[in-house]
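Notes for the structure review
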Amino acid sequence: MVCSHFNCILNIVSMNCRARGVPAPTYKWQRNNWDIDIKTAKEHHSMVGGNLEINNPEKSRDEGKYVCLAYNVHGTIRSREASLNFGYLYPFTPEERHAVKVREGVGAVLLCDPPPHYPDDLSYRWVLNDFPEFITLDKRRYVSQTNGNLYIAKVEASDKGNYSCFVTSNSITKSVFSSFIPLIPQADRSKGYLPDIRVSFKETYALLGQNVTLECFALGNPVPEIRWNKYLEPMPSSAEVSMSGAVLKIYNIQFEDEGTYECEAENHRGKDKHSAKVYVQAYPEWVEHINDTERDIGSEFHWPCVAAGKPLPTMRWLKNGIPYWKGDLRFSSLKKEDEGMYQCVAENIHGMIYSNAELKVLVLAPTFEFSPMKREVLAAKGGQAIIECKPRAAPRPKLIWSRGTEIIRNSTRIRIWYDGSLEIINVTAADAGNYTCFVENNKGKANSTTTLLTTAATKIVLAPTNVDVTVGWNATMQCLAEHDRSLDLTFIWLLNGYPIDIDKDNEHYERAIMIKNNGELIVKNAQLRHAGRYTCVAQSIVDNATASADLVVRGPPGPPGGLKVEDIRNTSVVLTWSRGTDNHSPISNYTIQSRNFLSEYWKDAKTDPPVVDGNVESAKVIDLIPWMEYEFRIMATNILGKGDPSMPSQKIRTEGSSFFSCPLPREYHFGNNFGYVVAFKPFDQVVWKKVIVPQPDTGRYVHKDESMIPASKYQVKVKAFNNKGEGPFSLTAIIYSADDAPVERPRNVKVRVRSSTEASVSWQHILSPAITGYEIRYWPSRGREIEANKVQVSSQNFSVRLENLKPDTHYYADVAAFNFAGVGPPSNRLAFITEKAPPRQRPRIISSVRSGSKYIITWDHVKSQSNESTVKGYKVLYRPDGQFNGTLFSTGKHYIEVPAPVKGQYVVEVRVHSEGGDGEVAQVKIPGSLSLNPVVFGFFLTLLLNMHGKHL
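Residues numbered from 1 in each chain as written. Predicted model: local features only at pLDDT ≥ 70, side-chain atom pairs only at ≥ 80, totals over all residues. Heavy atoms only, no water.

**A word on the overall build of the protein**
Where we set the bar: Helix and strand definitions here come from DSSP, where helices need a minimum of 4 consecutive H or I residues and strands a minimum of 2 consecutive E residues; each element is numbered from the N-terminal end. In this description the radius of gyration comes from C-alpha coordinates, and the expected globular size is given by 2.2 Å times residues to the power 0.38. In what follows, a contact means two residues having at least one pair of non-hydrogen atoms within 4.5 Å. Values of accessible area rely on a 1.4 Å probe in the Shrake-Rupley scheme; residue burial ignores everything except the protein chains shown. Neither His nor the chain ends is counted toward charge; the positive residues are Lys and Arg and the negative residues Asp and Glu. To locate a charge, take NZ of a lysine, CZ of an arginine, CG of an aspartate or CD of a glutamate.
The number of helices and strands found in the protein is two helices and 87 strands. Whereas a compact globule of 952 residues would reach a radius of gyration of roughly 30 Å, the protein reaches 41 Å, over 25% beyond that. Along the first, second and third principal axes, the C-alpha atoms of the protein reach 120 × 105 × 45 Å. Considering only intrachain contacts with a sequence separation of at least 6, the fraction spanning at least 24 residues in the protein is 64%. In the structure as shown, the protein presents an accessible area of about 52800 Å², 50% of it carried by carbon and sulfur atoms. Where the 111 positive side-chain charges of the protein centre and where its 103 negative ones centre are 0 Å apart.

Following this line, the structure appears as structure tokens:
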């Protein structure tokens, strides 16, 4: 809180403190760690409830850090600190300021030099000649809100006058003027000069969610244009440029907005550039806070308390308002004196947060009142029986089991567990009877009895057997069971360990329910996804029996993978791939298909040899069109049919070639004396020139005329003729007369590294109709340029993504334009280094806790190794179990809240996000049918500390 002398004199400062507890808490306040004695300073201090009021506050007496303490018989808790400061803004010194003389056309800076003040939240304006004639800011004039100086990029004659810096303190609503500074433009006008950035931003640390302002202004003639960008990354969506380009404001800044920001000032005489890093950090926030807890005396206890923040917060503990421990809090053996009010404090350079809870250490005689033993327990013969004995007692009681008058001890068939439970294995009819649990500690004794009843065991008498079917056929998985007739029997089927929802998937599953004790399952219209291990579970409320068998579904092959195009020639390429699944039937052959921009449909491609055998993983595709962009896909075939196609290959362009004929086939000549009429004319003329081409087998015509202008636009059309007459003209095509290969290099080529295996290259268009496209070359710096990888794109593109790069590798890249005559000169070579590979370590999920209608998933922070990319955050996929699509979240925290599933099981996948890409997946499954009821303990105390005008 900031108090001005004016605001606080004859006023009251109020600091609010509220707490809840039984009995009601008492309050006291401290200033600078000293108790405030309310009784001896009644005129100056007073308390209403827990609120502290200061009458007529004074800087020398009241400035400092205040803390509220609330206490009752259960203990004491301490609020976080609140600061009371007194704001001030002194007047400017009255000394006369020197005149500033500057040539017209040259820049000028008028210094504000604000007087001493507190806090540092000043705003600045400048007055010209008379108040309140404030100067108007534009591209030429700017007032920095960092130091208050007035910057004029280019002084003009109209700028002559007397200037005063007007300073306002927003906290104490006070303003002061400086003495006037005369500005005298000189008539000796400057002809112009380079941009000179005078207002620049420093390395900036921002808190998550804050608004960040960066300033950049340059002197120069002509007045420079200011441009902003983020180095190698797009600008944040919340970024806004104002003040004629001098101010960049990033609203609600996020972790992904961290990076290097650049401002560039440019006029026709040159450029000036400035850059600095913006770091995004975060105030501490709870991942897991402490709650009121009861524990037995003498027991071990770890009290987890986890916070996130940037930098990562340190943890410390208070007990009854006094410093107690740093780091993890663990008790090896609780004592009664460990009881009290505890506060977990998470703190980093940006602040601290408190979590308050009471620890009760229980001491009581054994009792079964809160957890009585069951009157009867059922167990199947030959199975297992567990009788629980869990009285409430502290310290932990000694425990003895008896059957009648016989004391029970551990044996090969009977075991007493640490938690008091009695386990009997290989149960027989003779085990039936009454079992009593006796417990005793130093506070008293108690006992309770349970009757054990035995039943016949459940058995599967007709187990499922392995079945082999073809896609589309039905399969029957048999299952018949015997069980105790006094109990109900149900059947559940599992596929690869997961329950089958027969009602939901009734299109493919059906249960035979006509015969008693029969759990037969029919798989209808079996598909490849239905193959796997089927388990029949016959269960009663006492026991269950299982039996498993495999269902093999044979079908067409799966799609091949890893399709690559190699050895690109003018009419052929070589394809390589990896085999897909054969789905239990050998692959007999492959079909290769291609498509180009002439058609959107896939067509079977010719290969050499014509039949691609099912045992090979490469093939040569022939009879392609030169200088044509293609993509390919491949399908595998077996005796059960043709499988799904692979993913399309990357688009490639075949190499160029001399012209070759593509005449009409003979079956379309329709008569003798067959030939062609070729008509053409310049695009802007009317008269068509016609040429007869009598050769029926030719498919091209070359017209030579030295008067033709290179790269000129022409219209061309062709029609056929025979001895019966002429056919119709074709559609008119637009072509260009021959030209040399491009001579211009692409400009403004940039490389942006996207991950450890991807980068994007962009460039500025070359404005020439003779350009067909662009060729991008890239190769490792340790490799040979002659072996560079090449990617070609059409002239409509100005960027391309390079894929399958090696992590942490130095590459070179360049861009060249091409046309039918060849490839032009390349751009300047650019060097770039791919990011390090993403961390291989999976996030270790440490807890999955339901809280009301949400689940809180928490994981350990992943630390990257020296050869791995720095962790930037985490991606979390929330999806239904068995499906691949879901909701994707991004977070910089080590936890996330997701909705609790209403129905069915969900999977939460967590992976690291880094500059090198995404890491390995860790996952946890959360059920939709479970609920968690919070336990409410005796003493609940929360503390809320407010200050007048500010929440702390």
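That covers the picture; the talk isn't over yet.
**Observations regarding the side chain of Ser585**
Topologically, Ser585 is positioned in the loop between strand E57 (573-578) and strand E58 (589-596). In this structure Ser585 touches Asn638, Ile639 and Leu640, once residues within four positions along its chain are discounted.

**Quick word on the sheet that holds strand E72 (residues 759-764)**
Cut-off, in case you're wondering: Pairing between two strands is assigned when DSSP locates at least 2 bridges connecting them. Axis angles are defined between N-to-C directions and span 0 to 180 degrees, where every axis is a line fitted to C-alpha atoms and, for a helix, only to the segment in contact.
On the basis of which strands lie adjacent, the open sheet formed by three strands has the order E71-E72-E75 and antiparallel pairing. Both edges of this open sheet fall to strand E71 (747-753) and strand E75 (799-802), since each of them pairs with a single strand only. Strand-to-strand, the axes of this sheet are offset by a mean angle of 15 degrees, without reference to chain direction.

**Comments concerning the sheet that holds strand E15 (residues 150-152)**
The sheet built from three strands is open, its strands ordered E11-E15-E14 with antiparallel pairing. The two strands at the open ends of the sheet, each matched to only one other strand, are strand E11 (108-110) and strand E14 (141-143). Across the sheet, the mean angle from the axis of one strand to that of its neighbour is 15 degrees, orientation sign disregarded. As paired elements, E11 and E15 share three bridges and run antiparallel to each other.

**Overview of the state of the cysteines**
Inclusion rule: Disulfides are defined as pairs of cysteine sulfur atoms found within 2.5 Å of each other. Buried residues are those whose accessible area, probed at 1.4 Å on protein chains only, stays under 20% of the maximum for their type, while exposed residues exceed 50% and partly exposed ones sit between those limits.
Considering all chains together, one arrives at six disulfides under this definition. The disulfide bridge from Cys17 ends at Cys68, spanning 2.1 Å between sulfur atoms. Residues Cys17 and Cys68 are joined by a disulfide whose S-S torsion is about -80 degrees; by sign, that bridge is left-handed. One end of the pair, Cys17, is in strand E2 (residues 12-19); the other, Cys68, is in strand E7 (residues 64-72), and 51 residues separate them in sequence. Like Cys17, the residue Cys68 is buried in the burial classification. Through a disulfide, Cys479 is tied to Cys536; the S-S separation comes to 2.0 Å.

**Notes on the packing of aromatic side chains**
Rules: Between rings of Phe, Tyr and Trp, where Trp is taken as its six-membered ring, a pair exists when centres lie within 6.5 Å; planes separated by under 30 degrees are stacked, by over 60 edge-to-face, and by other angles tilted. Charge over a ring is defined by NZ of Lys or CZ of Arg lying within 6 Å of the ring centre and within 35 degrees of the ring normal.
Counted under the stated rule, the structure contains 19 aromatic pairs. What links up through ring pairs into an aromatic cluster is the set Phe301, Trp303, Trp317, Tyr324, Phe331 and Tyr342. Above the plane of the ring of Phe683 lies Lys713, whose end atom (NZ or CZ) is 4.3 Å from the centre. One cation-aromatic arrangement involves Arg829 over Tyr812; the distance from NZ or CZ to the ring centre is 4.7 Å.

**Structural notes on the side chain of Asp431**
How we decide: Any N or O atom pair separated by 3.5 Å or less is treated as a polar contact, with the protein-specific requirement of one donor-capable and one acceptor-capable atom, and with residues adjacent in sequence counted only for side-chain atom pairs.
Structurally, the position occupied by Asp431 is in the loop between strand E43 (422-425) and strand E44 (433-441). Taking relative accessible area as the criterion, Asp431 reaches 5% and is therefore assigned buried. Looking at Asp431, its side chain comes within polar contact range of the main-chain nitrogen of Thr428, at 2.9 Å. The residues contacting Asp431, other than those within four sequence positions of it, are Arg403, Arg413, Ile424, Asn426 and Leu452.

**Topic: unusual backbone geometry**
With an omega of -5 degrees, the peptide bond between Val22 and Pro23 qualifies as cis. As for its position among the elements, Pro23 is in the loop between E2 and strand E3 (26-31). Positive phi outside glycine occurs at Leu232, with the angle close to 60 degrees. Looking at the element boundaries, Leu232 is found in the loop between strand E23 (225-230) and strand E24 (239-242). The class of Leu232 is partly exposed, set by a relative accessible area of 37%.

**Let's talk about a nonpolar patch on the surface**
Here is the rule we go by: What goes into a patch is any residue over 30% in relative accessible area without a salt bridge, connected to like charges within 9 Å or, for nonpolar side chains (Val, Leu, Ile, Met, Phe, Trp, Tyr), within 5 Å. We define a salt bridge as a contact between a side-chain nitrogen of Lys or Arg and a carboxyl oxygen of Asp or Glu at a distance within 4 Å.
Together, Leu378, Leu453 and Ile541 make up an exposed nonpolar region whose accessible area comes to about 270 Å². By secondary structure assignment, the location of Ile541 is in the loop between strand E54 (532-539) and strand E55 (544-554).

**So, the UniProt feature "domain: Ig-like" (unreviewed entry) in the protein**
The test is simple: UniProt positions are given in the numbering used here, feature names are shortened, and annotations may be inferred rather than shown by experiment.
Feature annotation in UniProt assigns "domain: Ig-like" (unreviewed entry) to the following positions: residues 1-85, 91-177, 195-279, 284-360, 366-453 and 458-552. In residues 91-177, the share of helix is 0% and the share of strand is 40%. The end C-alpha atoms are 7 Å apart. Within residues 366-453, the helical portion is 0% and the strand portion 56%, while the C-alpha atoms at the span's ends are 27 Å from each other.

**Some words on the pattern of salt bridges**
The full count for this structure, using the stated rule, is 40 salt bridges. The salt bridge partner of Lys59 is Glu63, with a shortest N-O separation of 3.0 Å. Using a relative accessible area of 43% as the deciding quantity, one classes Lys59 as partly exposed. What makes Glu63 partly exposed here is its relative accessible area of 22%. A salt bridge links Glu787 to Arg784; its shortest N-O distance comes to 2.5 Å. Taking the relative accessible area as the measure of exposure, Arg784 reaches 53% and is therefore exposed. Within this structure, Arg140, Arg141, Lys154, Glu156 and Asp159 form a network of salt bridges that share partners.

**Observations regarding the environment of Thr146**
Within the secondary structure, Thr146 is located in the loop between E14 and E15. Take Thr146: its relative accessible area is 62%, and that puts it in the exposed class. For the pair Thr146 and Glu520, spaced 374 residues apart in sequence, the C-alpha to C-alpha distance is 80 Å. When neighbours within four sequence positions are excluded, Thr146 is seen to be in contact with Tyr124 and Glu215. A distance of 2.8 Å separates the side chain of Thr146 from the side chain of Glu215, its partner in a polar contact.

**What about the environment of Ser618?**
One can find Ser618 in strand E62 (residues 618-622). A residue is classified by how much of its surface remains accessible, and Ser618, at 39% relative accessible area, is partly exposed. Between the C-alpha atom of Ser618 and that of Val574, which follows or precedes it by 44 residues, the distance is 7.0 Å. Ser618 has contacts with Leu575, Thr576 and Trp577, leaving out every residue within four places of it along the chain.

**A look at the confidence of the model for the protein**
The cut-off we apply is this: Within a predicted model, pLDDT stands for the predictor's per-residue confidence, ranging from 0 to 100.
Looking at the protein as a whole, the pLDDT averages 86, with 94% of positions reaching at least 70. Here residues 4-10 is modelled with pLDDT under 50, and outside its nearest four sequence neighbours on either side it reaches eleven contacts, counting other chains as well. Scored below 50 in pLDDT, residues 929-952 makes 62 contacts in the model with residues more than four places away or belonging to other chains.

**A closer look at the environment of Asn129**
Within the secondary structure, Asn129 sits in the loop between strand E13 (122-128) and E14. Between the alpha carbons of Asn129 and Phe180 there is a distance of 8.0 Å; along the sequence they are 51 residues apart. Look past the residues within four positions of Asn129 in its chain and what remains in contact with it is Gly161, Asn162 and Phe180.

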